[in-house]
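# Tertiary structure, described
In case you want the letters, here they are:
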Amino acid sequence: MKFEVITLFPGFFTSALDQSILKKAQNKALIEIYIHDLRPFGLGPHKVCDDVPYGGGGGMLMCVEPLVKALESIPKVPQKRIILLTPQGEKLTQKKLKVLSEYDQLIIVCGRYHGVDERFKAYIDEEISIGDYVINGGETASLVLIEGVTRLIPGVLGHEGSLTQETFEHDLLGYPQYTRPPVFAGQKVPGILVSGDHKAISQWRKKKALHITRKKRPDLLDELDHEQD
Ligand code: 6GU
């Protein structure tokens, strides 16, 4: 998988991409990440990349021309997807991450909070948001997307089994988990988990996952019902 990120803040990415699974996945050549600085594609001697909106109103918009030039500068592969990160996009879900992980190249444009010139929308495949709240720019969101996609790529996670067990994989939240010590400040590990009865443990975990989902995220169960209709 090739990730290509277009951003006004390339320095934002230096340490984040050099840690943990993103670092390991790059070292194993399972992913490649290229950060493209938008600034050199800016207009005029000052390399301007944003301007005030026609019709007035606050905030600066990203200009269409530098964005299109930056996009055109990137060598494309056939199975590619061009994504604009913006709070107006479709909300990112685990399902969406899975779909995106099937591409060979994700070109990710980091929008700014006030937005981009509408004419740039003609150059992208889709708009994605990471949730119903506002952050200042798509840079943080792009890290969420890159990490979420990367961990779905075969060979990235050491223990593949951990993928199928986790929160959201079956549209349910995860069950409670414990590690040593067996008692901490009076709180005991549930007896069933140390019983050695794997069938009973599996049933207990399923029951707990359902219970927790019903309590904390009943909307997930509603979605599941609708899917089965
Ligand atoms: Cl992708 N960008 C910004 N600026 N805010 C967001 C977002 C993206 N997703 C949710 N909020």
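Provided above is the structure to which this section pertains.
Summarised in this report is the structure supplied together with it.

## Re the nonpolar core
In summary, soluble globular proteins display a tendency toward joint burial of nonpolar side chains. Counting 30 residues, the largest nonpolar core has Phe-3, Ile-31, Leu-100, Leu-106, Leu-145 and Val-149 as the members making the most contacts within it. With 5 residues, helix 4 (residues 138-150) is the single largest residue contributor to this core. Excluding residues within four positions of it along the chain, Phe-3 makes contact with Ile-31, Glu-32, Ile-33, Tyr-34, Leu-106, Ile-108, Ile-146, Val-149 and Thr-150. If you look at the next biggest cluster of nonpolar residues, it comprises 18 residues, including Leu-38, Met-62, Leu-67 and Val-109.

## Some words on a negative patch on the surface
A grouping of Asp-222, Glu-223, Asp-225 and Asp-229 is seen on the molecular surface, where their side chains present a negatively charged patch. As for its placement among the helices and strands, Asp-229 is situated in the segment after helix 7 (218-228). By relative accessible area, which is 77% here, Asp-229 ends up exposed.

## Quick notes on the site of the ligand
Around the ligand, the neighbouring residues are Leu-85, Thr-86, Pro-87, Ile-128, Ser-129, Ile-130, Gly-131, Tyr-133, Ile-135, Asn-136, Gly-137 and Ala-141. In this structure, Ser-129 approaches the ligand through a side-chain N or O atom, which is 3.3 Å from a nitrogen atom. A distance of 2.7 Å separates a nitrogen atom of the ligand from a polar atom in the backbone of Ile-135. Here the ligand has 290 Å² of accessible area as a free molecule, and 100% of this is covered by the chains. Every element with two or more residues in the shell around the ligand is listed here: strand 5 (80-91) and strand 7 (126-129). Residue classes in the shell around the ligand are distributed as 7 nonpolar, 5 polar and no charged.

## Quick look at the side chain of His-36
Assignment of secondary structure puts His-36 in strand 2 (residues 32-37). Only 2.6 Å separates the side chain of His-36 from the side chain of Glu-4, close enough to count as a polar contact. Every residue in contact with His-36, bar those within four places of it in the chain, is listed here: Glu-4, Val-5, Ile-6, Thr-7 and Ile-74.

Conventions and cut-offs
- Residues numbered from 1 in each chain as written.
- Predicted model: local features only at pLDDT ≥ 70, side-chain atom pairs only at ≥ 80, totals over all residues.
- Heavy atoms only, no water.
- Core = buried A, V, L, I, M, F, W, Y, C linked by side-chain atoms within 4.5 Å.
- Buried < 20%, exposed > 50% of the residue type's maximum accessible area, 1.4 Å probe, protein only.
- Helix = DSSP H or I, 4+ residues; strand = E, 2+ residues; numbered from the N terminus.
- Contact = heavy atoms within 4.5 Å.
- Patch = residues over 30% accessible without salt bridge, like charges linked within 9 Å, V, L, I, M, F, W, Y side chains within 5 Å.
- Areas by Shrake-Rupley, 256 points an atom, 1.4 Å probe, with all protein chains shown as cover.
- Salt bridge = Lys/Arg side-chain N within 4 Å of Asp/Glu carboxyl O.
- Lys, Arg positive; Asp, Glu negative; His and termini not counted.
- Charge placed at Lys NZ, Arg CZ, Asp CG, Glu CD.
- Near = heavy atom within 4 Å.
- Polar contact = N/O pair within 3.5 Å; in protein donor to acceptor, adjacent residues only side chain to side chain.
- Nonpolar A, V, L, I, M, F, W, Y, C, P; charged D, E, K, R; others polar.

Scope: geometric values only; no functional claims are made or implied.
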